[in-house]
Amino acid sequence: MRRRGADHRRPVRRKFPNALWLALCGFAILLFILVLRRANHRPISRSVYTKRSPRHERFTDGLNITDEMLSPDSLTRQLNDQISLAKGFLVIAKESNNLQFAWELGAQIRNSHVLVSNAALRRTPLTISESGTAVRDMALLLVQAQQLHYDSATMIMRLKAKIQGLEQKMSSTNEKSAKYGQIAAEEVPKSLFCLGVRLTGEWFRNAYLQRKLKGNRQTALKLKDNSLHHFCVFSDNILATSVVVNSTSLSSKNPEEIVFHLVTNEVNYAAMKAWFTMNTFGGVTVDVQKIEDFSWLNASYVPVLKQLQDSETQRYYFSDSGGDSRTLIKFRNPKYLSMLDHLRFYIPKVFPALKKVVFLDDDVVVQKDLSPLFSLNLNGNVNGAVETCMETFHRYHKYLNYSHPLIREHFDPDACGWAFGMNVFDLDEWRRRNVTGIYHYWQEKNVDRTLWKLGTLPPGLLTFNGLTQPLSPSWHVLGFGYTNIDPHLIEKGAVLHFNGNSKPWLKIGMEKYKPLWDRYVDYSHRLMHQCNVR
C-alpha cells in the first residue's frame, strides 16, 4: 500500500492544546466564584471593620469630633453605640445575677471608653488596626447577650422596674430629708439655750436690773405715744429678736423715736427682760411682755386654742399615727398652732392705744431707715405688704384648696399673694373693719384642715383679702433662708428676710448670707463668750 504525499496527508490531532484550554476555563470560573464570594462578604465586614482610605489613616490636625460622631462610617460612633447598648445589658445582667457576664461587659465597656477617649485627646479618628479587636469583642458580647434573651422588650421592662424602684427610694429619701431638715430647723442650739439660762439667772440675781426697768416712767409714756414709730415682734428667740432691734436702731436716722414692743412666753420672759435691760440700742425704747398675761387669750375667744382641745387635732399634730401618711411632715408641725405665731391677728387688742405699727418677724435684718413706712398712705387698707407673685413666689392657688367650694367661690386663684415678716398695719382701720372677726370666721371653717394645711399666711391671705396695699418690693426681700438672691436686691432691700429652714443662727444656715446677720450680733458680750455663741 502506497503512502500519500505530504501535501495530501490529514493533519494530526494534538490533545495537549485542548487540555490547556480546559484548565484555563476552569481557573477563570474559580476566580469568578472567589470574586463573587468576596463581594457578598464585603458589606458585613464593612459594618464591623470600616475600611478607611490612606487619607483618613494619617494624622489630622483639628479633627471635628462632632462630625466624627455623626459620620455613618466612623469607628468612634460604632464604639459609642456599642457602649450605650452594653450599658443597658450590664444592668440586666446584674439584675439577673449573671455576675460573670456583667464583669465581662464592664471590662469591655471600660476598654472601649479608653479607645474613644484616647482618640478624642489626640484628635485623630480611630483606625481598624487599633479598634478592630475591641469592636469585634464587644460585638460578640452583644450577640451573647441576645442569646441570653436580653432583648429589647426584656430590657425595657427591667429598666422600667429599675426606674420605679429608684423613684420610690428617692421619694423615701426626700421625705426623710424634709423630716430631718425640719427637726434641725426647730432645734434650739446649745449655745442659745445656755444664753437663755444665764440671762434668767442674771435677772433674778441682779436687783439693779429689776429696779432700772420699774423706775423708768418715761418708757411707759412712750409705749402709748402715737407720734413715735412703733414696731412689734412676737418671739421666743432672744438672740434673733436682739438682731432685729439692733439692726433697726443702727439703720435708723432717729433711733430715739423708735419703740419696740416684744411679746414672748413665760419660759423666756425673764431672759428677754434681762437682755434688753442690760443692753442699750442707740436710744431705742424696748418693752417686753409675756403672752400668758393676756387673759382674753383663751379657748372661748381664740379658735386655734379651741381647736387644740379637740382630740383629733391633738392626734394630727402630736401623734406619730395621726393624719394621712401621705401628708408632708411640715404640714403637721405643731409650731403652726403656736399662739406667738397667731398673735399677729390680735395686734389691736395687744396694743389698744396704738394707731399704726410695723410688724417684723424675728428672722429679719433691717438695713435701711424704716421711718418712711409710718407716713405711707394705705388708701383705706389695713395691711401694707410686699406682693410675692413674681418669679419663684406664689399666688393664692399655691396656698389654698380650690377644690373646696368656699375657697373657689370667694377667691381668685390667680390673685397675688403677699408676705408676712414686714407689714404696716393701720390699727384704726383694722378695728373699724373688725379684721380679727374675719380671721375667726375662716379659722373656724378650717377646723378639719380642708381650706389650707399649715401656717399663718393662708388665713392671712383670706383675712386681708381686699384690705392689702402693695408696697415697693425693695421694702421686703425674701428667700435668704432657702435660695439665692440677686445682689442688686440685697443692696437695695430695706428688710432682708431669712424665711425658710436655713436660719442664720443655725448650723444649717446659708453661709453666704450669714454675714448679713452676724454684723448685728455683739459676739464680744461676756455672756456670749460664756455660752460659746459664734
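Residues numbered from 1 in each chain as written. Predicted model: local features only at pLDDT ≥ 70, side-chain atom pairs only at ≥ 80, totals over all residues. Heavy atoms only, no water.

- By the naming in an unreviewed UniProt entry, the protein chain is Hexosyltransferase, taken from Salvia divinorum.
- UniProt, in its Pathway (unreviewed entry) section for the protein chain, records the words "Glycan metabolism; pectin biosynthesis."
- One UniProt comment on the protein chain, placed under Sequence similarities (unreviewed entry), says "Belongs to the glycosyltransferase 8 family." (UniProt positions renumbered as here; feature names shortened; annotations may be inferred.)

1. Notes on unusual backbone geometry
Phase 1: Positive phi, normally seen in glycine, also occurs at Asn379, with a value near 55°.
Phase 2: In this structure, Asn434 is a non-glycine residue whose phi angle is positive, near 50°.
Phase 3: Relative to the elements of secondary structure, Asn434 occurs in the loop between helix H18 (427–433) and helix H19 (435–445). (Helix = DSSP H or I, 4+ residues; strand = E, 2+ residues; numbered from the N terminus.)

2. Examining the state of the cysteines
Phase 1: Across all of its chains, the model carries two disulfides by this definition.
Phase 2: Here Cys194 engages in a disulfide with Cys531; their sulfurs sit 2.1 Å apart. Residues Cys194 and Cys531 are joined by a disulfide whose S-S torsion is about -70°; by sign, that bridge is left-handed. Pair noted here: Cys194 is in helix H8 (residues 190–205) and Cys531 is in the segment after helix H23 (526–530), with a separation of 337 residues, a long-range link.
Phase 3: Residue Cys531 is classed as buried on the basis of its relative accessible area, which comes to 6%.
Phase 4: Two residues share a disulfide in this structure: Cys389 and Cys416, whose sulfurs sit 1.8 Å from each other. (Disulfide = S-S within 2.5 Å. Buried < 20%, exposed > 50% of the residue type's maximum accessible area, 1.4 Å probe, protein only.)

3. Concerning the sheet that holds strand E2 (residues 258–264)
Phase 1: Taking strand neighbours across the sheet as the criterion, the seven strands line up as E3-E2-E1-E4-E7-E6-E8 in an open arrangement whose pairing is mixed. If you trace the sheet from one side to the other, it starts and ends with strand E3 (285–290) and strand E8 (468–471), each paired once. Sheet twist, expressed as the mean angle between neighbouring strand axes with direction ignored, is 25°.
Phase 2: One ladder, built from six bridges, connects E2 with E3; its direction is parallel. Directly across from Val259, in E3, lies its bridge partner Thr285.
Phase 3: Running over the sheet, helix H11 (residues 238–251) touches strand E1 (229–234), E2, E3 and strand E4 (356–360) and is turned about 175° from E2.
Phase 4: Of the strands in this sheet, E2 and E3 touch helix H12 (residues 266–278), which is tilted by about 165° from E3. (Pairing = 2+ DSSP bridges. Axes fitted to C-alpha atoms, helices over the stretch in contact; angles between N-to-C directions. Contact = heavy atoms within 4.5 Å.)

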